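Single-letter residue listing:
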Amino acid sequence: MSDVVLKQVEKRFGPVHVIHGVNLDIRDGEFCVFVGPSGCGKSTLLRLIAGLEDISGGELSIGGKVVNNVAPKDRGVAMVFQSYALYPHMSVFDNMAFGLDLAKKSKDEQHERVMAVAKILQLEELLDRKPKELSGGQRQRVAIGRAIVRQPGVFLFDEPLSNLDASLRVQMRIELTKLHEKLKSTMIYVTHDQVEAMTMADKIVVLRAGRVEQVGSPLELYHHPQNQFVAGFIGSPK
Ligand code: ADP
Ligand code: MG
């Protein structure tokens, strides 16, 4: 079980109060999308869940266990960033195997897992290449593959497609949706893109200035936006 539950979560950077009493209940296997204007705290919330930042107040649990003080590597989460952050000197294979090596998995297991994921993401022909020999879409696939090989219960995506051109974005959106159906993992996905949010999400969380403005399915938010702000983000006719 990999549900993610936030209770009255707060985040301050020194005097700057960025996240205000956020309550969220993201169910195991759900595809949850965070939307909201630039600077509203989407990335910060992901980083709190990943353990890349400490929470200043409240409680965060993953899979029924409070993880406020649990190290990132022990949370069962993997994060995919907007900038792919691949290791330039390593091959695609080694980029994908790197986290498994750190986790002291045997070479056989590393090989088995990387090959299985390469097949899912159609990276089999590219395993010997270096990142600079790949297109933007291929690099992003490697970054996603690197997260999948770790078999996390929870994937965190921070605007993973925003550096891709429009047609590739559409293609990757479809691939990610298929991947979610296949892996059945919990996915938390930050995007600016209304179409991504509406087509991919089971649940959309609309954030505004560090607070949750509204939570619901795409259809609920579209037909019953609580206010003009939500309507504007979701593209409701209201
Ligand atoms: P979003 O991803 O929605 O654009 P962020 O989570 O990146 O927003 O940022 C939310 C707010 O927190 C912004 O006002 C940003 O300036 C501030 N912030 C983020 N990280 C830090 C930090 N390390 N120190 C101080 N302020 C930060
Ligand atoms: Mg951000």
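Calculation rules
Residues numbered from 1 in each chain as written. Chains lettered and ligands numbered in written order. Predicted model: local features only at pLDDT ≥ 70, side-chain atom pairs only at ≥ 80, totals over all residues. UniProt positions renumbered as here; feature names shortened; annotations may be inferred. Buried ≥ 20, exposed ≤ 12 C-beta atoms within 10 Å, placed from the backbone. Helix = DSSP H or I, 4+ residues; strand = E, 2+ residues; numbered from the N terminus. Pairing = 2+ DSSP bridges. Near = placed C-beta within 6 Å. Nonpolar A, V, L, I, M, F, W, Y, C, P; charged D, E, K, R; others polar. Axes fitted to C-alpha atoms, helices over the stretch in contact; angles between N-to-C directions. Parallel < 35°, antiparallel > 145°, perpendicular 65-115°, else oblique. Left-handed = near helix turned anticlockwise from the far one by under 90°. Contact = placed C-beta atoms within 7 Å.

In the annotation of an unreviewed UniProt entry, the entry for the chain reads Sn-glycerol-3-phosphate ABC transporter ATP-binding protein UgpC, and the organism field reads Thalassospira indica. The chain has a UniProt comment under Sequence similarities (unreviewed entry) that states "Belongs to the ABC transporter superfamily."

1. With respect to the pairing of strand β9 (residues 203-208)
Most of β9 is tucked away: five of the six residues are buried. Pairing between strand β3 (residues 31-35) and β9: four bridges, direction parallel. What sits directly across from valine 33, in β9, is isoleucine 204. Across five bridges, β9 lies against strand β10 (residues 211-216) in antiparallel orientation. When the bridges of β10 are listed, valine 206 appears paired with glutamine 214. Taken together, β9 and the strand that follows it, β10, pair antiparallel across an intervening segment of two residues, in which alanine 209 is found at a positive phi of about 50 degrees.

2. Section: the site of ligand 1
Near ligand 1, the surroundings consist of Phe13, Val16, Val18, Gly36, Ser38, Gly39, Cys40, Gly41, Lys42, Ser43 and Thr44. Within the residue set of the shell around ligand 1, elements represented by two or more residues are β2 (16-26) and α1 (42-50). With three residues, α1 is the largest single contributor of residues to the shell around ligand 1. Taken together, the residues of the shell around ligand 1 break down into four nonpolar, six polar and one charged.

3. Points about the packing of helix α2 (residues 92-102) against helix α4 (residues 136-148)
At their nearest, the axes of α2 and α4 sit 8 Å apart, and the two run at 30 degrees to each other. Considering the angle they form, α2 stands roughly parallel to α4. You can see that α2 and α4 cross each other, and the crossing is right-handed. Along the contact surface, α2 presents Val92, Asn95, Met96 and Gly99, while α4 presents Val142, Gly145 and Arg146.

4. A few points about unusual backbone geometry
Even without being glycine, glutamine 8 reaches a positive phi, approximately 50 degrees. In this structure, glutamine 122 takes a positive phi of about 55 degrees despite not being glycine. With respect to the helices and strands, the residue glutamine 122 is situated in the loop between α3 (107-120) and α4. The class of glutamine 122 is exposed, set by 12 C-beta atoms lying within 10 Å.

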